[in-house]
Amino acid sequence: MTPAANWLPLSSGERSVAIEVLVHGPLSRTELARRLNLSQGSLTRLTKPLIESGLLVEAPWAGAPGESRQGRPSQPLDVVAESRSFLGFKITDEMVYGVVTSLRSDIVARLDRPLTSHDPKYVADLLAAMTAELAARHPAVAGIGIGVGGFVRENAVVGESPYLCWRDVPLAGLVRERTGLPVVVENDVAALVEAETWFGAGRGLDRFVVLTIGAGIGYGLVLGGKRVPCAEEDRGFGRHWIIDPQGPLTPQGERGSAVSLLTIPSIRYQVRAATGRDASYEEILAAAATGEPMATRVIGEAGRALGTLLAQIANFVMPQKILLAGEGVGLMEVAGDTVRDAVRTHRHPLAAPIGLETKVSDFHDWARGAAVLAIQVLVLGGAGG
């Protein structure tokens, strides 16, 4: 297949065709024309350069045995998912998680390394070394996506990252200089939302929300099938979303905010302040499950906060589905009933049930999200579906 750079630029019509086949294919030309409201002539004009460049291929006929082929309009179009690879990295304050994905974002390899320094040049060197190791086993690498907790400008510069103590770091340029590959950098929650919109829980939905709980609170909104970008992205979402004005005051957030009630550092802080003992999040959840009083109180408050937050999102956004993800979703296993009770309390009795999906995920899912951003931007010339 032709290198990704030779696929660009795509016209808006070509891009629509490519996305439809990538996300929903293989599709016959007849079905593709119907989905995009195109005439067969217009579709032929749009697909010809995509096929010639190698982005799309004519897939083998897959009809039922004995079923006749009705000429070329029924010839399915597809992408060769394994023809190109993409690297995705998720950077935390302690680790870099890396994945290799296919063109359809299936994870085919993983590689993790500890992060012993937050110096930007050190991080770029580490990413380059991980890239070299992964590319040696997967030589058809077309590009790199990097997810960072923080505010990112123009898919290139980390304007601010409280976790890494970065400001105005040109991360894409630093990694590109070391690898020779095109690089896309994005806020990690935004990348996860894009991945779930194209290939996951939000595929085909018009209104979709991703809520993540873990080290912080992340929120992503999809309207009209496209992620809504926000200038305040990851600049403390949840820190000022007050759920209980009389709730706990923690170092990470305002009193009674979503951050103070729901994040892992705040939950651990509350238990440590009350007992004098440091416990992991998993230990606190286990203690709450057995009825230990302090853990039960803190986790109960977190469950009520989560239910209230979900209800408020549903009341204002009216999404078809809310995806709850992140390393803190174990809360649902212990306090699920409390969460559901709080949702009912804050919703109209006749309101439709919230379409809630909980995804038990790890940081490789976030890295996959970064790879999807690379697919969108580097192959198809822009993000959003």
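Conventions and cut-offs
Residues numbered from 1 in each chain as written. Predicted model: local features only at pLDDT ≥ 70, side-chain atom pairs only at ≥ 80, totals over all residues. Heavy atoms only, no water. Phe/Tyr/Trp six-rings, centres within 6.5 Å; stacked < 30°, edge-to-face > 60°. Lys NZ or Arg CZ within 6 Å of the ring centre and 35° of its normal. Helix = DSSP H or I, 4+ residues; strand = E, 2+ residues; numbered from the N terminus. Buried < 20%, exposed > 50% of the residue type's maximum accessible area, 1.4 Å probe, protein only. Contact = heavy atoms within 4.5 Å. Salt bridge = Lys/Arg side-chain N within 4 Å of Asp/Glu carboxyl O. Core = buried A, V, L, I, M, F, W, Y, C linked by side-chain atoms within 4.5 Å. 1 Å grid on protein atoms, 1.4 Å probe; cavity = no way out; pocket = protein on both sides within 12 Å on 5 of 7 lines; lining within 4 Å. Points joined across faces, edges and corners; volume = space filled by probe spheres on them. Nonpolar A, V, L, I, M, F, W, Y, C, P; charged D, E, K, R; others polar. Arc of directions from axis to C-beta. Expected span 1.5 Å × (residues − 1). Polar contact = N/O pair within 3.5 Å; in protein donor to acceptor, adjacent residues only side chain to side chain. Pairing = 2+ DSSP bridges.

Caption draft 1: Focus on the packing of aromatic side chains. The final tally for this structure, using the stated rule, is two aromatic pairs. The aromatic ring of Trp 366 is capped on one face by Lys 90, whose charged end is 5.1 Å from the ring centroid.

Caption draft 2: Structural view of unusual backbone geometry. Pro 26 follows Gly 25 through a cis peptide bond whose omega is 5°. Residue position: Pro 26 is located in the loop between α1 (12-24) and β1 (27-28). Located in the positive-phi region is Asp 168, a residue other than glycine, with phi close to 55°. For Asp 168, the position within the fold is in strand β10 (residues 166-169).

Caption draft 3: Molecular detail of the environment of Ile 213. Within the element layout of this structure, Ile 213 appears in strand β12 (residues 207-213). Judged by relative accessible area, which is 2%, Ile 213 ranks as buried. Placed 115 residues apart in sequence, Ile 213 and Gly 328 show a C-alpha to C-alpha distance of 5.1 Å. The residues touching Ile 213, leaving out its near neighbours within four places in the chain, are Leu 262, Leu 306, Leu 324, Ala 325, Gly 326, Glu 327, Gly 328, Val 329 and Leu 331.

Caption draft 4: View of the pattern of salt bridges. Taken as a whole and assessed by the stated rule, the structure comprises 22 salt bridges. Arg 178 is the salt-bridge partner of Asp 125, the closest N and O atoms lying 2.6 Å from each other. Here Arg 178 lies in helix α5 (residues 171-179) and Asp 125 lies in helix α4 (residues 120-137), a separation of 53 residues in the sequence. Given a relative accessible area of 42%, Asp 125 falls into the partly exposed group.

Caption draft 5: Quick peek at the nonpolar core. Leu 211, Ile 213, Leu 262, Ile 299, Leu 306 and Leu 331 are the most contacted members of the largest nonpolar core, which totals 37 residues. Every element with two or more residues in this core is listed here: β12, β13 (217-223), α7 (258-262), α8 (264-275), α9 (281-289), α10 (293-317), β15 (321-325) and α11 (331-345). For this core, the element with the highest residue contribution is α10, accounting for eleven residues. If sequence neighbours within four positions are ignored, Ile 299 has contacts with Ile 267, Ile 284, Leu 285, Ala 288, Leu 331, Val 334 and Ala 335. Residues Leu 46, Leu 50, Leu 56 and Ile 375 belong to the second largest nonpolar core, which totals 32 residues.

Caption draft 6: A look at the layout of surface pockets. Empty space within the largest pocket amounts to approximately 550 Å³. What lines the largest pocket is a set of 24 residues, and nearest its centre among them are Thr 92, Asp 93, Ala 215, Glu 327 and Phe 363. Of all the secondary-structure elements, those providing two or more residues to the lining of the largest pocket are β4 (85-91), β5 (95-101), α6 (188-199), β12, β13 and α12 (363-380). By residue class, the composition of the lining of the largest pocket is eleven nonpolar, seven polar and six charged.

Caption draft 7: Inspection of helix α2 (residues 29-36) at higher detail. Along α2, the residues that are buried comprise Arg 29, Leu 32 and Ala 33. Each buried residue of α2 sits inside an arc of 100° when the element is viewed along its axis, so together they form one side. Packing partners of the buried residues in α2 comprise α1, β1, α3 (40-53), β2 (57-58) and β3 (76-78). Looking one or two places after α2, you find Asn 37, whose phi comes out positive at around 55°.

Caption draft 8: Structural context of α6. The first and last C-alpha atoms of α6 sit 16 Å apart over twelve residues, in line with the 16 Å expected at 1.5 Å per residue. You can read the cap of α6 off the contacts: a side-chain oxygen lies 3.1 Å from the backbone nitrogen of Val 189, and it is on Asn 187.

Caption draft 9: Looking closely at the pairing of β12. For β12, the tally of buried residues reaches six of seven residues, placing the bulk of the element in the interior. For β12 and β13, the ladder comprises seven bridges, and the chain directions are antiparallel. Opposite Val 209, over in β13, you have Leu 221 as the bridge partner. Here β12 hands over to β13 after three residues, the two strands then running antiparallel side by side. Two elements, β12 and β15, share five bridges in a ladder whose sense is parallel. Its bridge partner being in β15, Thr 212 is matched across the sheet by Ala 325.

Caption draft 10: Region of the structure containing the pairing of β10. With three bridges connecting them, strand β9 (residues 157-161) and β10 associate as antiparallel partners. Paired with Glu 160 across the strands is Arg 167, a residue of β10. Count of turn residues in the β9/β10 antiparallel hairpin: four residues, of which Cys 165 carries a positive phi of about 55°.

Caption draft 11: Examining the environment of Glu 154 more closely. Position of Glu 154 among the secondary structure elements: in the loop between β8 (151-153) and β9. Residue Glu 154 is classed as exposed on the basis of its relative accessible area of 76%. Here the alpha-carbon distance between Glu 154 and Val 185, two residues 31 residues apart in the chain, equals 8.2 Å.

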